[in-house]
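Below, each chain spelled out in residue letters.
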Amino acid sequence: MKAIATFQLIGGEVYRTNTYLQFGASRESLGAVVMLNPGSSDLQGEARKKLIMNGSHTDETTLDNTMKQLVQFMNSTHSRLEGRLHIYNLFYVRNSANLESIELFELLKATGKYPTITLPSLLEMSQHPWILIGWGIEKRRRWKFYEEEKREWLQLIEDSGIPHFGIQAENNEFYHPCPNGPAKTERLYQLIETFNLKIKPLTIES
């Protein structure tokens, strides 16, 4: 498998959009994940040079820890992997530190420097058999744009009617699928168990 993404240089920041994990050659959606923002996955070699030269480039990218965790999840829950796992984010400016990334997003939105990136349409969402929500549980009262993005995504998922799941915390928040430290393995087992219990029976019936 491999990871494909579009990278853009905008106002000195790197944005990563249109990301998916490709298993085999099919373009069929295997599912979708909605997380916080892009992490350390990056272009390499000539692909990175093209990004710097042109300001935008789509190519194969490295796998960060979260992507590797998602690959393990997919291998553990699917007997046949042929298609794409799509990765969406609440916002698309790249930063691997959760708190820093949210503060950066809030600043970019407040100053009008965050580019216009719209949520996927209901038609696009309808291609996915299920959605995993895992944007984390960080909360601050001052994070107005961040909270707005979460509300809009939850409304879109509800409107789509697509089966969805995640490891829920208090206040209807969803833990990230790949925490640091020993909890990483436990979270993987939680995701697998929840998927097999809530989602797999629905996909078999359909």
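Note that the coordinates shown come from a computational prediction; the quantities given were computed from them, not determined experimentally.

Draft legend 1. Region of the structure containing the nonpolar core. Among the nonpolar cores identified, the biggest contains 25 residues, and Phe91, Met125, Ile131 and Trp153 are the most heavily contacted of them. When contributions to this core are tallied by element, the ones reaching two or more residues are strand S3 (29–35), helix H3 (98–110), strand S6 (131–134) and helix H5 (144–160). When residues no more than four places from it in sequence are discounted, the contact partners of Ile131 are Ala32, Val34, Met125, Ile157, Ile162, Pro163, His164 and Phe165. Of all hydrophobic cores here, the second largest spans 23 residues; its members include Val33, Trp130, Ile167 and Phe195.

Draft legend 2. Looking closely at the sheet that holds strand S1 (residues 2–10). On the basis of which strands lie adjacent, the open sheet formed by seven strands has the order S4-S1-S2-S5-S3-S6-S7 and mixed pairing. What marks the edges here is a single partner per strand, and that holds for strand S4 (56–61) and strand S7 (164–165). Here S1 pairs with strand S2 (residues 13–23) via eight bridges, running antiparallel. Residue pairing for S2: Phe7 is matched across the bridge by Arg16. Helix H2 (residues 65–77) rests against S1, S2, S3, strand S5 (83–89), S6 and S7 of the sheet, and its axis sits at about 20 degrees to S2. Each of S3, S5, S6 and S7 touches H5; the most contacted strand, S6, lies at about 160 degrees to it.

Draft legend 3. Broad picture of the pairing of S6. The alternating pattern of S6 places Ile131 and Ile133 on one face and Leu132 and Gly134 on the opposite face, and all of these are buried. As judged from the four bridges shared by S3 and S6, these two strands associate in the parallel manner. Of the residues in S6, the one forming a bridge with Val33 is Leu132. One ladder, built from two bridges, connects S6 with S7; its direction is parallel. Bridging from a neighbouring strand, Leu132 pairs with Phe165 of S7. In this fold, S6 hands off to H5, which returns the chain to S7; that crossover is right-handed.

Rules used throughout
Residues numbered from 1 in each chain as written. Predicted model: local features only at pLDDT ≥ 70, side-chain atom pairs only at ≥ 80, totals over all residues. Heavy atoms only, no water. Core = buried A, V, L, I, M, F, W, Y, C linked by side-chain atoms within 4.5 Å. Buried < 20%, exposed > 50% of the residue type's maximum accessible area, 1.4 Å probe, protein only. Helix = DSSP H or I, 4+ residues; strand = E, 2+ residues; numbered from the N terminus. Contact = heavy atoms within 4.5 Å. Pairing = 2+ DSSP bridges. Axes fitted to C-alpha atoms, helices over the stretch in contact; angles between N-to-C directions. Right-handed = clockwise from strand over helix to strand, strands pointing away.

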